[in-house]
Amino acid sequence: MDKLSSLSRFKASCPFLGRTKTSTLRTLCTSSSPRFPSISILTERATKCPVMGPALNVRSKEITAGYASVAGSSEVDQIHKQQGVTVPVNATVEMCPHASAARAAARMADDLAAAAAQKKVGSGASSAKAAAAGCPFHKSVAAGASASTASKPSAPIHKASVPGGFDYDNFYNNELEKKHKDKSYRYFNNINRLASKFPVAHTGDVKDEVQVWCSNDYLGMGNNPVVLETMHRTLDKYGHGAGGTRNIAGNGALHLGLEQELAALHRKEAALVFSSCYVANDATLSTLGSKLPGCILFSDKMNHASMIQGMRHSGAKKVIFNHNDLEDLENKLKQYPKETPKIIAFESVYSMCGSIGPIKEICDLAEKYGALTFLDEVHAVGLYGPHGAGVAEHLDYNAQKAAGKSPEPIPGSVMDRVDIITGTLGKAYGAVGGYIAGSMDFVDTIRSYAPGFIFTTSLPPATVSGAQASVAYQKEYLGDRQLKQVNVREVKRRFAELDIPVIPGPSHILPVLVGDAALAKAASDKLLTDHDIYVQSINYPTVAVGEERLRITVTPRHTLEQMDKLVRAVNQVFTELNINRISDWKVAGGRAGVGMGVESVEPIWTDEQLGITDGTTPKTLRDGQRFLVDAQGVTAARGRFDTLLGPMSGSLQANPTLPLVDDELKVPLPTLVAAAA
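Residues numbered from 1 in each chain as written. Predicted model: local features only at pLDDT ≥ 70, side-chain atom pairs only at ≥ 80, totals over all residues. Heavy atoms only, no water.

As named in an unreviewed UniProt entry, the chain is 5-aminolevulinate synthase, mitochondrial, taken from Dendrothele bispora. Its UniProt record, at the heading Pathway (unreviewed entry), says of the chain: "Porphyrin-containing compound metabolism; protoporphyrin-IX biosynthesis; 5-aminolevulinate from glycine: step 1/1." Quoted verbatim from the Cofactor (unreviewed entry) field of the UniProt record, the comment on the chain reads "pyridoxal 5'-phosphate". (UniProt positions renumbered as here; feature names shortened; annotations may be inferred.)

Encoded structure:
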């Protein structure tokens, strides 16, 4: 009813559409009304327009009338008999598309009528606001509408209108206006990822599908069949919620099993799971910073907001060092006595620029000056290392691979030297939640003192089991990590050929520099509306003003044809919006590493590690091809739950009604699922 591409044709004739930004219209037409779920927010607003309101009323009646003869179960049954339709055994009337459409039409008619009725309450005020905004249609009815409100109930009194009281509404409006003026206001798109079509999603309209190029589900594990199977089994046995905090009814065998899995992944003594890694970072740094006497926190300039917030909450002194600048860090460390408690907080992969922290060298400085190391591996776990433990594991790739999946640490390895590792379950592992890993006493201290852990409801059992299945699977299977890196290399190469500015970095992060907030938003909008490609723009405060960008994430499940479409679309949008390319940034002196003499950085994954040298690299998918779910990975993931959920063998039951078997390999465990076009 309100597809964005159709709406753009009426901008000249409708004052509201004409003065409203495309990005705002996109949000309004892809977001369901919270009060009337069958219609969008834009449609709800349209019911209040004197032109569109009556038109919507007529259209709703037409739609409803078209299905009036199939409104109930008895009528549907009668139609089936008249048309000679044989209904399958156990089929219900809800499965009939005619009946479903009729019910949907009826719901829409009810919602439209209810929304239209809302305008009659306080219509004088709403008409006056519309008239003030310059709508000629509202001006013509304002006088009559205001006269009719004398007998109507008055609108609710806002706190802002109480004499002598603080004007709260004005405060909210002013704060939001600041965001709009500096172009940092955030618009949330209605994007619904489809499990059977990853990386495809639908918008607010279930028939409007787009390709997603900015999801942090880096490996597609959010719809991996063995993960979904495990979650279905857990849900059936243990239900939905956890029942309380870890201290009160929310501490189960599944939570303990996941923590053991994560501790073994990082070869640490213990791990602790939180509701998110934002909470894990905040809770851990605030607790340590406040408990360690006279603690000094050393923070990389580009650290994530969760770490910054944790340091602020700790009340401890914070010293910021330049991004990845070892000399600056050492100069600041040496200003304090060695016996003073210190924590160096930094990341392995910085998510907005793609740089990688000098972990080994920071460990050297920490040992020299008596500091703890706090390493955030959020954008690295699942993606780096032979078992997916992150960059710290990857730096000793061969030794870690040779050690297998033993939980015992490798003395002197980079991962062993890091004191505290934090990670997420919500990115490469496709779930939700965060965690810390370290020594037994450290973890127990956080468990005992951190309010962010103690007073938070525990993660649901199905989420926990799905996360562990994902971690176990990725420990076993290297192919997803390899193919992701191969696909990232290819897209970076093709962008470089077209002079499209990718901020150079050695990781999987692919940030395309735009350099202007309004242009970045416009580019994101055009990609979505003109090309059905969803890439969210990244503006201040996530990145510095003037370094706005499109952050593209390439997965192992993107096909060659989808990559072709992405590259063509980005190139076209850059041309249409006249966005600076690499050559333009060189002339301007460069920005954010682009046009500054270093246009590419050696990737952290070597050709040997990717299987390029021996020809074992997984192949990029083509439209219609299937992605492989590894048999050994499935066996490992299932085996983790033999005791709690019972042994599982045979075909995967990602969807209990659709058993999946790989007949070609003659074994029941691996599953092939069609890649989305």
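Still to come is the rest of the account.
Draft legend 1. Molecular detail of the packing of aromatic side chains. Counted according to the given criterion, the structure contains 9 aromatic pairs. Each ring, one from Phe-298 and one from Tyr-336, has its centre 5.9 Å from the other, and the planes form 80°; the classification is edge-to-face. With Phe-298 in strand S5 (residues 296-300) and Tyr-336 in the loop between helix H15 (326-333) and strand S7 (342-347), the pair connects residues that are 38 residues apart, well separated along the chain. Just as Phe-298 is buried, Tyr-336 falls in that class too. Connected via pairs of aromatic rings, a cluster forms that spans Phe-166, Tyr-168, Phe-171 and Tyr-172. Its guanidinium or amino end placed over the ring of Phe-627, Arg-557 lies 3.6 Å from that ring's centre, counting from NZ or CZ. (Phe/Tyr/Trp six-rings, centres within 6.5 Å; stacked < 30°, edge-to-face > 60°. Helix = DSSP H or I, 4+ residues; strand = E, 2+ residues; numbered from the N terminus. Buried < 20%, exposed > 50% of the residue type's maximum accessible area, 1.4 Å probe, protein only. Lys NZ or Arg CZ within 6 Å of the ring centre and 35° of its normal.)

Draft legend 2. Broad picture of the nonpolar core. With 72 residues, the main nonpolar core has Leu-262, Phe-298, Ile-344 and Ile-359 as its most contacted residues. Counting residues domain by domain, this core receives three or more from each of domain 2 (244-470) and domain 3 (479-610). Other than its neighbours up to four places away in sequence, Ile-344 contacts Phe-298, Phe-321, Leu-329, Leu-333, Ile-362, Ala-366, Ala-371, Leu-372, Thr-373 and Phe-374. With 25 residues, the next largest nonpolar core counts Val-491, Leu-566, Val-567 and Val-570 among its residues. (Core = buried A, V, L, I, M, F, W, Y, C linked by side-chain atoms within 4.5 Å. Domains from an automatic or database assignment. Contact = heavy atoms within 4.5 Å.)

Draft legend 3. Region of the structure containing a nonpolar patch on the surface. On the surface, Phe-166, Tyr-168, Phe-171 and Tyr-172 cluster together into a nonpolar patch covering about 430 Å² of accessible area. Judged by its relative accessible area of 36%, Tyr-168 falls in the partly exposed class. (Patch = residues over 30% accessible without salt bridge, like charges linked within 9 Å, V, L, I, M, F, W, Y side chains within 5 Å. Areas by Shrake-Rupley, 256 points an atom, 1.4 Å probe, with all protein chains shown as cover. Salt bridge = Lys/Arg side-chain N within 4 Å of Asp/Glu carboxyl O.)

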